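What follows is each chain in one-letter form.
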Amino acid sequence: MARKQVLRSLITLALLAALAAVIILSQQHDPTNPHSSIPREQWLTGSNGHTFAVKNNQQPAKQCYPCHEKQGLGGVNYCTDCHTKSGISVQLPSI
C-alpha cells in the first residue's frame, strides 16, 4: 500500500512540475506572433524561413502579408525593398 502512495505522489509531483514548466515557458511566447519562438534572422534566412515558405507554395503574399500589414510589421515598401535587392519581382495583394 505504501508503494502505491509513493508512486502516486511521484506522478503528482511530476505532473505539477510539468504544469509549472509549461506556464513558465508560455510566458515568453507572444500569441499574436506565430514566429515568436524563432529568432528573426533564422526566420528570414534560415532553412525553414521565408524562402522555405515561398518554395513550398505556402503563398506568403496571401497568407503572411495581410497579417504583417495589420500589425505594422512592414508594408509594401518593406517587402519590395528586400525583393528589389534580391532581384525578385513580386505582386503583393492590395489590402
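Residues numbered from 1 in each chain as written. Predicted model: local features only at pLDDT ≥ 70, side-chain atom pairs only at ≥ 80, totals over all residues. Heavy atoms only, no water.

K.L.:
Would you mind going over the overall build of the protein chain in detail, with residue names and values included?
P.N.:
If you tally the helices and strands in the protein chain, you get six helices and zero strands. The linear arrangement of helices and strands in the protein chain, starting from the amino end, is α-α-α-α-α-α. The buried share of the protein chain, reckoned over its 95 residues, is 13%. For the protein chain, the share of sequence-separated contacts (at least 6 apart) that also reach a separation of at least 24 residues comes to 34%. In the form shown here, the protein chain has an accessible surface area of approximately 8,000 Å², with 60% of it arising from carbon and sulfur atoms. (Helix = DSSP H or I, 4+ residues; strand = E, 2+ residues; numbered from the N terminus. Buried < 20%, exposed > 50% of the residue type's maximum accessible area, 1.4 Å probe, protein only. Contact = heavy atoms within 4.5 Å. Areas by Shrake-Rupley, 256 points an atom, 1.4 Å probe, with all protein chains shown as cover.)

K.L.:
Quick one: what's the story with a nonpolar patch on the surface, residue by residue and with numbers?
P.N.:
Side chains of L13, L16, L19 and I23 sit close together on the surface and give an oily, nonpolar patch of about 400 Å² of accessible area. One can find L16 in helix α1 (residues 2–26). (Patch = residues over 30% accessible without salt bridge, like charges linked within 9 Å, V, L, I, M, F, W, Y side chains within 5 Å. Salt bridge = Lys/Arg side-chain N within 4 Å of Asp/Glu carboxyl O.)

K.L.:
Which residues make up the confidence of the model for the protein chain, and what values go with them?
P.N.:
Chain-level statistics for the protein chain give a pLDDT mean of 77 and a share of 81% at 70 or above. Mean pLDDT values for the elements of the protein chain range from 70 in helix α3 (residues 50–55) up to 93 in α1. (pLDDT = per-residue confidence, 0-100.)

K.L.:
Describe α1, and please don't skip the residues or the numbers.
P.N.:
Taking 1.5 Å as the rise per residue, α1 with 25 residues should run 36 Å; its terminal C-alpha atoms sit 36 Å apart, in good agreement. Little of α1 sits out of view: just zero of its 25 residues are buried. (Expected span 1.5 Å × (residues − 1).)

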